[in-house]
Amino acid sequence: MDLKSTLNKYGVVGAGSFGIAIANLLAENGEVLLYARTEEQVKEINEKHFSRGYELNPGIKAIDNLKLIAQECQLIFPIIPSDNFVDFLDEIAPYLSPAHILIHGTKGLYTPKQLNTDTDIIKEEIYTMSELIQLKTGVIRVGCLAGPNLASELADKQPAATVIASKFNEVIKEGQNALTSNRFQVYGSNDILGIELAGVLKNYIAIASGMLSGLGYGENARALLITRGMGELIYIAKSLGASEKAFLGLAGIGDLIATCNSEKSRNFRVGYYLAKGKKIDEIIKEIGEVAEGIKTLQIVKLLQRYGFKAPIAEVLYRIIFEDFPIQKGINLLMSFTVSKDAEYI
């Protein structure tokens, strides 16, 4: 592969709202091939430059051929739900080589365990998306993208920033070159496990925040949730081998604030609708896109053999999967004995 000829041509796999937002940012710095699964969506994007309510940069070309993406793009951004990630890797792996760089934007985890029936899990049975890429392909240089990046605000060209994390500085540099613009800053980090876990774990706190909003609670309650929620996430991350540093930056507290305060967040909307009396299956169908926080919550529940403190996750799990009344859940959380403030740092 001629690396110099492909570094300004970017591949994006996934034409959901976030995939389209990232494709639009990349198109300000180079050509973009956007993978969409259906012929109808490919046609809509190429003919109307419009999809899912968002306008697309004319420099974006939609295709439904992963082989072509791998052949023409050295730098590829998979932006797909965690449930589809293994199938995607199985399909594209034969066309990838160590020359490729993959920077994913998926805020989810994968496990081969059956979340609805298994009763226990060990951390070696949980994979971040970067670990999956290295496990199932020949790609070595892997990174992730995480931060307060609500797709609708990126589509409106509002100022924002993100973090690209990788063990390889060249991956961070190439990601920054591809995405940086006068409206989008890109920070770097070598703590890829911490950044991935910060992006993933915060999703269930956003569900809890949506519940508070749906019940009419104000900012005191939300601030309490966000602050103690961050402490809970740090306990979980430490049990999985990560440090707390990533949780104090854009991908941690930054993303947590954004998703816990925005009705545009899918996870926030899940909690809001639960508080309004809707059932989880009905909500998932209505939202139409994956809310990763539900699956994350199931994984956290199965990890409790490691003894971390996660009362918010425990109560939220009971509310969603065991029909425990929301108000009783809040009362239970408020009855816990408290300790020193910020003891998780």
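Procedures and definitions
Residues numbered from 1 in each chain as written. Predicted model: local features only at pLDDT ≥ 70, side-chain atom pairs only at ≥ 80, totals over all residues. Heavy atoms only, no water. Helix = DSSP H or I, 4+ residues; strand = E, 2+ residues; numbered from the N terminus. Rg over C-alpha atoms; globule rule 2.2 N^0.38 Å. Buried < 20%, exposed > 50% of the residue type's maximum accessible area, 1.4 Å probe, protein only. Contact = heavy atoms within 4.5 Å. Areas by Shrake-Rupley, 256 points an atom, 1.4 Å probe, with all protein chains shown as cover. 1 Å grid on protein atoms, 1.4 Å probe; cavity = no way out; pocket = protein on both sides within 12 Å on 5 of 7 lines; lining within 4 Å. Points joined across faces, edges and corners; volume = space filled by probe spheres on them. Arc of directions from axis to C-beta. Nonpolar A, V, L, I, M, F, W, Y, C, P; charged D, E, K, R; others polar. Salt bridge = Lys/Arg side-chain N within 4 Å of Asp/Glu carboxyl O. Lys, Arg positive; Asp, Glu negative; His and termini not counted. Polar contact = N/O pair within 3.5 Å; in protein donor to acceptor, adjacent residues only side chain to side chain.

K.L.:
Help me understand the overall build of the chain in this model?
P.N.:
Within the chain one finds 16 helices and ten strands. Computed over its C-alpha atoms, the radius of gyration of the chain comes to 20 Å, within 12% of the 20 Å expected for a compact globule of 345 residues. Seen through its principal axes, the chain has C-alpha atoms that stretch 60 × 40 × 40 Å. With 345 residues in all, the chain has 55% of them scored as buried. Of all intrachain contacts in the chain linking residues separated by at least 6 positions in sequence, the fraction that spans at least 24 positions is 71%. For the chain, the accessible area works out to roughly 15400 Å², and carbon and sulfur atoms hold 49% of it.

K.L.:
Could you clarify how one ought to interpret the side chain of T296 in this entry?
P.N.:
Its location among the elements puts T296 in helix α14 (residues 292–302). Assessed through its relative accessible area of 3%, T296 is described here as buried.

K.L.:
Mind showing me how you'd approach the layout of surface pockets here?
P.N.:
One water molecule sets the probe size; rolling that probe over the atoms shows where empty space is left. Estimates place the volume of the second largest pocket at around 820 Å³. Together, 27 residues line the second largest pocket, and L224, R228, P311, I312 and L333 are the ones closest to its centre. Only α9 (192–214), α10 (219–239), α15 (311–322) and α16 (326–334) provide two or more residues apiece to the lining of the second largest pocket. Counting residues per element, the lining of the second largest pocket draws most heavily on α10, which supplies six residues.

K.L.:
Mind showing me how you'd approach helix α8 (residues 169–179) here?
P.N.:
Structural remark: α-helix, 3.6 residues per turn; residues separated by three or four positions point the same way. Within α8, the full set of buried residues consists of V171, I172, E174, G175, A178 and L179. All buried residues of α8 lie within an arc of 165° about the axis, which places them on one face of the element. α8 presents N169 and K173 as exposed residues on the side facing more than 90 degrees away from its buried surface.

K.L.:
Help me understand unusual backbone geometry, please; the structure alone is not making it clear to me.
P.N.:
Note: most peptide bonds trans; most residues except glycine with negative phi. Positive phi, close to 50°, is recorded for H49, a residue that is not glycine. On the secondary structure map, H49 appears in the loop between α3 (39–48) and β3 (50–51). Taking relative accessible area as the criterion, H49 reaches 25% and is therefore assigned partly exposed. Even without glycine at this site, K157 takes up a positive phi of about 65°. The topology assignment puts K157 in the loop between α7 (151–155) and β9 (160–165).

K.L.:
Mind showing me how you'd approach empty space enclosed by the protein here?
P.N.:
One pass over the full model with this rule turns up one cavity of 30 Å³ or more. Put simply, the largest cavity is a space of about 40 Å³. Along its surface, the largest cavity is lined by H104, G105, T106, K107, C144, L145, A146, I195, E196 and V200. Residue assignment for the lining of the largest cavity shows that the elements contributing at least two residues are β8 (141–146) and α9. Here the lining of the largest cavity is built from residues that sort into five nonpolar, three polar and two charged.

K.L.:
Would you take a moment to explain the pattern of salt bridges for this structure?
P.N.:
Here the idea is simple: oppositely charged side chains can pair when their charged atoms come close. Overall, the coordinates contain 16 salt bridges when judged by the stated rule. For R183, the salt bridge identified is with E28, shortest N-O distance 2.6 Å. One end of the pair, R183, is in the loop between α8 and β10 (184–189); the other, E28, is in the loop between α2 (17–26) and β2 (31–35), with 155 residues separating them in the sequence. Close ionic contact of K107 with D255 constitutes a salt bridge, the shortest N to O distance being 2.9 Å. You can see K107 sitting in the loop between β7 (101–104) and α6 (129–136) and its partner D255 sitting in helix α11 (residues 250–261), a full 148 residues away along the chain. Comparing K107 with D255 shows no difference in burial state: the two are buried. A single salt-bridge network, built from bridges that share partners, covers K107, K202 and D255.

K.L.:
Just to check I follow, could you spell out the side chain of E196 for this structure?
P.N.:
Here E196 shows up in helix α9. For the buried E196, no salt bridge is present, and the opposite-charge side chain at shortest range is K167, 8.6 Å distant. Within the structure, E196 has its side chain in polar contact with the side chain of H104 (distance 2.6 Å). In contact with E196, not counting residues within four places along its chain, are H104, T128, M129, S130 and C144.

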